[in-house]
Amino acid sequence: MAKIIDFPTVDKLKEEVKSLRKELVSLIFSHDDRISHEAIRVEAEYQEEFGLREYKAMNLNLTVKKLKEEKRLVEDFIRRDEPVDFYYISKKVYSVFTKNEELLRNKLTVIGSLDKYERSRQVLIC
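These notes cover the structure that comes with them. Computed from a prediction, not measured in an experiment: that's the story for all the values here.

1. Quick look at the overall build of the protein
1) Next: Along the backbone of the protein there are 3 helices and 0 strands.
2) Next: What you see in the protein, going N to C, is helices and strands ordered as α-α-α.
3) Next: The 126 residues of the protein split such that 14% are buried.
4) Next: Excluding contacts between residues fewer than 6 apart, the proportion of contacts in the protein whose partners are at least 24 apart in sequence is 70%.
5) Next: When the accessible surface of the protein is totalled, it reaches about 10800 Å², and 61% of it is carbon and sulfur.

Structure representation (structure tokens):
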């Protein structure tokens, strides 16, 4: 019959495995906490710092594009010696830039929702 040799370091290794498992669990919880809370906080800070500036730049860019399109359409009417139909022009410009305006509204919604989140956290902290 074979004898089982008991190594003296087995108990020490078992304790080390146990402590490493505890450390692993702690790291996993820490990682999950960072993902669920810190990421939202960082995004809220980013939106606070740059989101409004980004929105204003997008809005200005869209306004410039719309004005250029309106100018082009007015010039087309003038070139054809027709009376300028501003109702047609505004409808046309609205239809062309609907998607861009939707993106702009979404950006403002994101800024607003993250701003509300940040304000609610500040109330809880105080």
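2. A closer look at the pattern of salt bridges
1) Next: Taken as a whole and assessed by the stated rule, the structure comprises 10 salt bridges.
2) Next: Notably, a salt bridge pairs Arg-41 with Glu-38, separated by 2.7 Å at the nearest N-O pair. Placement of both Arg-41 and Glu-38 in helix α1 (residues 10-79) is noted, with a separation of 3 residues, approximately one turn of the helix.
3) Next: Taking relative accessible area as the criterion, Arg-41 reaches 23% and is therefore assigned partly exposed.
4) Next: Between Glu-101 and Lys-66 there is a salt bridge whose closest N-O contact spans 2.6 Å. Placement of the pair is Glu-101 in helix α3 (residues 98-125) and Lys-66 in helix α1, with a sequence separation of 35 residues.
5) Next: Accessibility expressed as a relative area gives 24% for Lys-66, which makes it partly exposed.
6) Next: Beyond isolated ion pairs, a larger network of salt bridges with shared partners links Glu-69, Arg-72, Asp-76 and Arg-79.

3. Description of the side chain of Lys-107
1) Next: In this fold, Lys-107 is placed in helix α3.
2) Next: Using a relative accessible area of 15% as the deciding quantity, one classes Lys-107 as buried.
3) Next: Within the structure, the side chain of Lys-107 is placed 2.9 Å from the side chain of Glu-54, a separation counted as a polar contact.
4) Next: In this view, Lys-107 contacts Gln-47, Gly-51, Glu-54, Tyr-55 and Met-58; residues no more than four positions away in its chain are not counted.

4. What about the environment of Leu-52?
1) Next: Residue placement: Leu-52 occurs in helix α1.
2) Next: For Leu-52, a relative accessible area of 39% corresponds to the partly exposed category.
3) Next: For Leu-52 and Lys-107, which are 55 residues apart along the polypeptide, the C-alpha to C-alpha distance reads 8.9 Å.
4) Next: Residues in contact with Leu-52, not counting those within four places in the same chain, are Gln-47 and Ile-111.

5. Things to note about the packing of aromatic side chains
1) Next: Applying the stated criterion across every chain, the model contains 2 aromatic pairs.
2) Next: For the ring pair Tyr-46 and Phe-50, a centre distance of 5.4 Å and an interplane angle of 40° mean the geometry is tilted. You can see Tyr-46 and its partner Phe-50 sitting in helix α1, 4 residues apart, about one turn around the helix.
3) Next: For Tyr-46, a relative accessible area of 38% gives the class partly exposed.

6. A short note on the packing of α1 against helix α2 (residues 86-96)
1) Next: Contact geometry of α1 with α2 gives a least axis separation of 10 Å together with a crossing angle of 140°. Considering the angle they form, α1 stands oblique to α2. In this structure, α1 crosses over α2, and the sense of that crossing is right-handed. Touching Lys-66, Glu-69, Glu-70, Leu-73, Val-74 and Phe-77 of α1 are Phe-86, Tyr-88, Ile-89, Lys-92 and Val-93, all from α2.
2) Next: Across the contact of α1 with α2, the residue classes break down as 7 nonpolar, no polar and 4 charged.

What counts and what doesn't
- Residues numbered from 1 in each chain as written.
- Predicted model: local features only at pLDDT ≥ 70, side-chain atom pairs only at ≥ 80, totals over all residues.
- Heavy atoms only, no water.
- Helix = DSSP H or I, 4+ residues; strand = E, 2+ residues; numbered from the N terminus.
- Buried < 20%, exposed > 50% of the residue type's maximum accessible area, 1.4 Å probe, protein only.
- Contact = heavy atoms within 4.5 Å.
- Areas by Shrake-Rupley, 256 points an atom, 1.4 Å probe, with all protein chains shown as cover.
- Salt bridge = Lys/Arg side-chain N within 4 Å of Asp/Glu carboxyl O.
- Polar contact = N/O pair within 3.5 Å; in protein donor to acceptor, adjacent residues only side chain to side chain.
- Phe/Tyr/Trp six-rings, centres within 6.5 Å; stacked < 30°, edge-to-face > 60°.
- Axes fitted to C-alpha atoms, helices over the stretch in contact; angles between N-to-C directions.
- Parallel < 35°, antiparallel > 145°, perpendicular 65-115°, else oblique.
- Left-handed = near helix turned anticlockwise from the far one by under 90°.
- Nonpolar A, V, L, I, M, F, W, Y, C, P; charged D, E, K, R; others polar.

Spatial relationships are all this shows, so hold off on functional conclusions.
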